[in-house]
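# What the coordinates show
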Amino acid sequence: MHGGERVADVLARQGVGVLFTLCGGHISPILVAANARGIRIVDVRNEATAVFAADALTRLSGQPGVALVTAGPGATNTITALKNAQLAQSPVVLLVGAAPTTLRGRGALQDIDQRALFRPHAKSTTSVHRVADLAPALERAFGTAASGIPGPVVLECPVDLLYDESTVRSWYERASAGRSIGASLQRWYLSRHVDRLFAGSDQSTTRPIRPVGRASRSDVRRAARLLSRASRPVLLVGSQATLATERLDALTASIDALGIPVYLSGMARGLLGTAHPLHLRHHRTEALREADVVILAGVPCDFRLNYGRRISRRAALIAANRSVRDLNLNRRPTVGAVADPARFVERIAEARRAREGSWTPWLEALRQRDRDRDVEISQIATEPTEFINPVALCLELERSIGPEAVIVADGGDFVATASYVVRPRAPLSWLDPGVFGTLGGGGGFALGARLARPDAEIWIVYGDGSAGYSLMEFDTFARHGVPVVAVVGNDGGWTQIAREQVPLLGDPVGTVLARTAYERVAEACGGLGLRVDRLDDVPRVLAEARAAAHAGRPVLVNAMIGRTEFRKGAISM
């Protein structure tokens, strides 16, 4: 077997069903071999999309997400998506082509120091130097990505390790043609070099996956004791609690057993469905300030919690996180466990004794705030704006999206508005970039989501600014039969930035866009493009979009929206 076949064999053994890629001469043997083994090859229009798609697939399915890109600019194009996966603790495996081993550092086509480029943004970065090491290195990459604190892993595969030995020898023989002594010495050196490339055994070994730490019994007992004394407890569940996808039912059952008011963030959105009695959606900051016990399940005290300052200093803070750094970030917890946060919540539920009294008054007060806020949102939706009120559009989205939908969020102001209104339907049904605040993941996330959940509706909620990053992937959707519905909230600007920039600096420079006909781009790429300018037409247009997607066609709805003061002053730093 040539090196590309060895790589493809490992992918097949690891259960990889889909390989996301953008072709390049350095990686062709892997593509062809993977295709021959029945692995679906999904080629995209930007390397970042390939990584975003692999990220989404692994988050939603728990299966390995793998992207394959070529050397040089193919590699550099992945950096934003790779960093996003790192900060989201997503176990993506990125395979990268590279220049021939003898030409490294000599000005070869697309030859750069890729390992130095990737090192800060991946859990590990490895370059292979012998054909026999390809399979073991890739096996180790899968183990490393999934172990401990999950994260992306990069494996660099030089092109002369991927072709068969006779082809590689012919390359080097042509490079050293001639009858001079110098040519003879060069042939001898290159022949020895090829011997080293193809020497060694073909045995593949797998590094055992290191298990996640387990919280101590004393930490669990202390947490349960603090909770038993609480009058105003709050549980905040974050993305990390959903990494063990097989434990989501157990986590939900534990939340039910605890009976604590709960707020969900990141990938945990949708964990409790749309109408769970313990799930609160609004005024989280006020609840955290008033709480006497706060449990952070996989949530660090970063900018989203104002670096821990949103939690009262008088409150007992219980936290579980796979990362020691994130566990203690900005604020040391009263009880801190380096452990899987979902399992930690389960163990607290198992250990907690029935308490005297009740949390009913506290829970009811929080529910009333939610109801009051929903009324406010409904009132804001009736305010007149130029074009469609964005809050009203989001309310129509909430009514139109089906019960089995996965919602992909890619944008600033409009998407943040939607997060207040559009409710994820089920666990692992909401995909947003996470802590990195990345724009441009929409196309890749939707692609990965559809392949992870082939029977689900996939909706992308785009801002008009962020849509520009991945609109070309409508070509990918059409070619590969991926029927997504994308709704662009088009207000002709980078509104989230303008909200702060214009009042403070008095100049909208750089924040103004045109009300571009994005629906025509979708049409040109093989999708269906629809435009809507009036609120009265929105239900009909969304129904048409949904029907077209059910028939197998990707759809983009370009919705002309006005502006409101709904999110004034909402930027976080």
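Residues numbered from 1 in each chain as written. Predicted model: local features only at pLDDT ≥ 70, side-chain atom pairs only at ≥ 80, totals over all residues. Heavy atoms only, no water.

Here we take up unusual backbone geometry. In this structure, Q89 takes a positive phi of about 55° despite not being glycine. Judged by relative accessible area, Q89 falls into the buried class, the value being 9%. Phi is positive for L428, close to 55°, though the residue is something other than glycine. With respect to the element layout, L428 can be found in the loop between helix 17 (413–421) and strand 13 (430–431). L428 gets classed as buried once you look at its relative accessible area, which sits at 4%. (Buried < 20%, exposed > 50% of the residue type's maximum accessible area, 1.4 Å probe, protein only. Helix = DSSP H or I, 4+ residues; strand = E, 2+ residues; numbered from the N terminus.)

Moving on, we get to the side chain of D432. Among the secondary structure elements, D432 is positioned in the loop between strand 13 and helix 18 (442–452). Here the side chain of D432 touches W430 through a polar contact of 2.9 Å, side chain to side chain. Excluding anything up to four places from it in sequence, D432 contacts R59, G266, A409 and F445. (Polar contact = N/O pair within 3.5 Å; in protein donor to acceptor, adjacent residues only side chain to side chain. Contact = heavy atoms within 4.5 Å.)

Time to look at the state of the cysteines. This model, assessed by the stated rule, comprises zero disulfides. There is no disulfide at C525, and the cysteine sulfur nearest it, in C23, is 17 Å away. (Disulfide = S-S within 2.5 Å.)

Structurally, R214 is set in the loop between helix 9 (181–198) and helix 10 (217–228). Residue R214 is classed as exposed on the basis of its relative accessible area of 59%. Taking C-alpha positions, R214 is 7.9 Å from A337, a pair spaced 123 residues apart along the chain. Apart from the residues within four sequence positions on either side, R214 is in contact with V338, A339, R343 and R347.

Looking now at the confidence of the model for the protein. Residues with a pLDDT of 70 or more make up 95% of the protein, whose mean pLDDT is 91. Low pLDDT (under 50) marks residues 201–209, which in the prediction has 18 contacts with non-local residues, meaning those over four places away or in another chain. (pLDDT = per-residue confidence, 0-100.)

Here we come to the packing of helix 11 (residues 248–258) against helix 14 (residues 341–351). Helix 14 packs onto helix 11 with a crossing angle of 40° between their chain directions and a minimal axis gap of 9 Å. Considering the angle they form, helix 11 stands oblique to helix 14. Here helix 11 and helix 14 pass one another in a crossing that is left-handed. Touching A250, L251, S254, A257 and L258 of helix 11 are A342, V345, E346, I348 and A349, all from helix 14. Here the contact of helix 11 with helix 14 is composed, by residue class, of eight nonpolar, one polar and one charged. (Axes fitted to C-alpha atoms, helices over the stretch in contact; angles between N-to-C directions. Parallel < 35°, antiparallel > 145°, perpendicular 65-115°, else oblique. Left-handed = near helix turned anticlockwise from the far one by under 90°. Nonpolar A, V, L, I, M, F, W, Y, C, P; charged D, E, K, R; others polar.)

Turning our attention to the packing of aromatic side chains. For the structure shown, the criterion picks out three aromatic pairs. With a centroid separation of 5.2 Å and an interplanar angle of 70°, the aromatic rings of F474 and F477 are classed as edge-to-face. Of this pair, F474 and F477 are both found in helix 20 (residues 473–480), three residues apart, which corresponds to roughly one turn of the helix. Note on F477: relative accessible area 1%, which makes it buried. (Phe/Tyr/Trp six-rings, centres within 6.5 Å; stacked < 30°, edge-to-face > 60°.)

Attention now moves to the environment of A145. Within the secondary structure, A145 sits in helix 7 (residues 134–146). As a C-alpha pair, A145 and R499 span 354 residues in sequence and 39 Å in three-dimensional space. Excluding residues that lie within four positions of it along the chain, A145 makes contacts with P91, V92, V93, K123, P150, G151 and V153.

Another aspect to go through is the nonpolar core. Within the largest apolar cluster, 106 residues are counted, with the highest numbers of intra-cluster contacts made by F20, V237 and L296. The element best represented in this core is helix 3 (residues 47–61), accounting for nine residues. Those residues in contact with L296, other than ones at most four positions away along the chain, are L236, C301, L305, I311, L317, I318, A319 and A320. Membership of the second largest hydrophobic core comes to 38 residues, among which are V422, V538, A545 and V557. (Core = buried A, V, L, I, M, F, W, Y, C linked by side-chain atoms within 4.5 Å.)

Counting buried residues in helix 20 gives six out of eight residues, a clear majority hidden from the surface. Considered for burial, the residues of helix 20 that qualify are E473, F474, D475, T476, F477 and H480. Positive phi shows up at G481, right after helix 20, with a value of about 65°.

Turning to the pattern of salt bridges, a few remarks are in order. For the structure on display, the rule yields 28 salt bridges. Of the charged contacts, one joins R13 and E139 as a salt bridge, the two residues approaching to 3.0 Å between their closest N and O atoms. Within this pair, whereas R13 is found in helix 1 (residues 3–13), its partner E139 is found in helix 7, the two being separated by 126 residues in sequence. By relative accessible area, E139 is classed as buried at 5%. (Salt bridge = Lys/Arg side-chain N within 4 Å of Asp/Glu carboxyl O.)

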